[in-house]
Amino acid sequence: MTTTQPRTLSTAHLTRLHLKYQFLETVRVPMAVFGNLLFPALSMFFFVVPQPYVADDPVASTMAVASLGLFAICSASLFTYGLGVAEDRALPFDPFLRSMPAGPAPRMLARVLNGGIFSLFGIVPLVLIGWLFTAATVTWAQLALGIVVLLVVSVPFVLLGMGIGYSLPAKAALPVVQLVLFPLAFAGGLFMPPQFFPDWLSVVSQATPTRAGRDLLVGALTGADVYAGAWPVLLGWTAFFAALTVWAYRRDEGRRFR
Amino acid sequence: MSQPAHPARSAPPIIELSGVTRRFGPVVALDDVSLQIAPGELVGILGPNGAGKSTLLSLVSGQRKPDSGTVRLCGLDPRDAAARTSLGLTPQETGLPATLKVREVVDYIGGHYPDPVPTSELLEQFGLGELAGRQTGGMSGGQKRRLAVALALVGRPSVILLDEPTTGLDVNARQVLWQAIRDYHASGGTVLLTSHYLEEVQALAERVVVVDQGVVRADDTMDAILEQVGVRRVVLHSAGLAAPGAVEARFPQVTRVQVSGDRVELFTPDADGFVRELVVSGIDFHGLEVRGTTLEEAFEQMVAAPADRPALSPSGSPAVSPTGAPAVRPAPAPARGEQR
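Residues numbered from 1 in each chain as written. Chains lettered and ligands numbered in written order. Predicted model: local features only at pLDDT ≥ 70, side-chain atom pairs only at ≥ 80, totals over all residues.

(A) The arrangement of the interface of chain B and chain A in detail. Facing the 30 residues of chain B at the interface are 26 residues of chain A. Broken down by element, the residue count for the side of chain B that touches chain A peaks at three residues, all from helix α2 (residues 102–110) of chain B. In terms of residue class, the side of chain B that touches chain A is built from 14 nonpolar, 13 polar and three charged. (Contact = placed C-beta atoms within 7 Å. Helix = DSSP H or I, 4+ residues; strand = E, 2+ residues; numbered from the N terminus. Nonpolar A, V, L, I, M, F, W, Y, C, P; charged D, E, K, R; others polar.)

Here it is in structure tokens:
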């Protein structure tokens, strides 16, 4: 034994390590990846492409692509991280990884980054369908800005997913994810444009992370005005979900039995 | 036994538990446990299922924290990630990420340590070189176990925790792993091993800690633990001794008897004296067998009926003297390990 204080490797190195192997673990199960691509793509074909008053309107169809894209991200993040983390925790490899000389940060950062990568995958078919089958149109600059905004918007949902996953066992995480996802998606205007909402719902809607994310994304892609509270709402939820995740991770010691 | 119980006690302990209590709801998994392990020791922790063995390891590896008391790994709190740079441990075989390849799992775990063993070298050492490109989900149970122990060693740790390392393996696979563990220990490594597979502890450990119901029942060298029980098992066939009470009446040194047909199985701290008296008594017998108790029997005696006898003190001095082996003894151990 040496007398020098032992130190772990750098967070950057460890994050890269976890990012690589988390990514490999996920892509080796192709259905997990395709499932996330398929649902929003099918929704485009069923609900957007056949409706000329949306599909032929450049702004409306761009908004539809943005809304479904955000829904794809919410659903992938909540299911992958909510359910995935809860399932991982039940596996014996999870406590093993937690015993490695690394704090929680590298694994969490890697999960958030992976969330971003798979979000991008999920967007590809939507963008292609929007471009080929609808009047949706963006400039290259708008598309690039949209992708950056999309990655930022995915962060709170990945964190919410992890917070649920570290708080609950898998069997409880599944219904909770569903209970959280659909109301959030609806209230955020991802299924129905918020212009059709009654007044009270419009007010509630603007306080949700989904609505803030949707409007920021639509703003980036179409240049439309974004309501003033969107960034504060999104960042506020991000901070809250990050705190939830850290709290849940610290309290977690693997499976519990009472 | 003149051998000291703790050969390296003067060195600062590499693992130290002081007054550790850990509860799970109403269940006390560990109750005021203190334990010191010096660098270079090979310690086996024995106990029945639910005795607190795994809880103890999870405290040392920083996965859980004690409700009270302190745990130190290389002088640091194991919940501090830096303390774990010198720790190696095995995942449970069922827990390997099924979609990752063998080589990738080793790279993944090795990547956490400053100076990992090169992956190809480690895989060769464990005879897994040919499997490097295979997904772990496609490995056999024995191959997974070998990989699990290899993962404990990838970071060149100064202490490794092995939780049931060879459970369910065939004889050859077990020998390979045992050799790897012995080699690691011979190179100066500290090993903390749990098993309810007693033969494994008997084959490897120098020091044995018996845990039951969250309490350390015994902590001593392997030889001293076996000596503590000190009884010999004698089997013979004799019609003359098959009647109930016949053995006890003639041979007071016998502590327990089981008879089935004309087969008599008995336990005594003085087998030599028993045999001498048996021969001079002129009783007809055949098929005499005498042997020492196995660790399994010693262990069973220690955890069988805690209410009936005082706990053996953790300092290593037996509270039950070798000759004072308990009169009430449970049924003899199953045959596992008897051939040793």
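(B) Quick peek at the sheet that holds strand β4 (residues 68–73) of chain B. Residue and element names in this part refer to chain B. What the three strands build is an open sheet, ordered β2-β1-β4; its pairing is antiparallel. Because the sheet does not close on itself, it has two edges, and the strands there are β2 (27–37) and β4. Here the average twist between neighbouring strands, direction ignored, is 25 degrees. Pairing of strand β1 (residues 15–24) with β2 involves seven bridges; the strand directions are antiparallel. The residue bridging Phe24 from the neighbouring strand is Val27, located in β2. (Pairing = 2+ DSSP bridges. Axes fitted to C-alpha atoms, helices over the stretch in contact; angles between N-to-C directions.)

(C) Layout of the environment of Ala224 of chain A. Residues and elements named next belong to chain A. Residue placement: Ala224 occurs in the loop between α10 (209–222) and α11 (230–251). Taking C-alpha positions, Ala224 is 33 Å from Thr245, a pair spaced 21 residues apart along the chain. Ignoring anything within four residues of it in the chain, the contact list for Ala224 reads Val218 and Gly219.

(D) Summary view of the pairing of strand β8 (residues 207–212) of chain B. Residue and element names in this part refer to chain B. Counting buried positions along β8 gives six out of six residues, so the element sits mostly inside the fold. Here β8 shows two buried faces, one formed by Arg207, Val209 and Val211 and the other by Val208, Val210 and Asp212. Bridging between strand β3 (residues 42–46) and β8 involves four bridges; their strand directions are parallel. Residue pairing in the sheet places Gly44 in a bridge with Val208 of β8. (Buried ≥ 20, exposed ≤ 12 C-beta atoms within 10 Å, placed from the backbone.)

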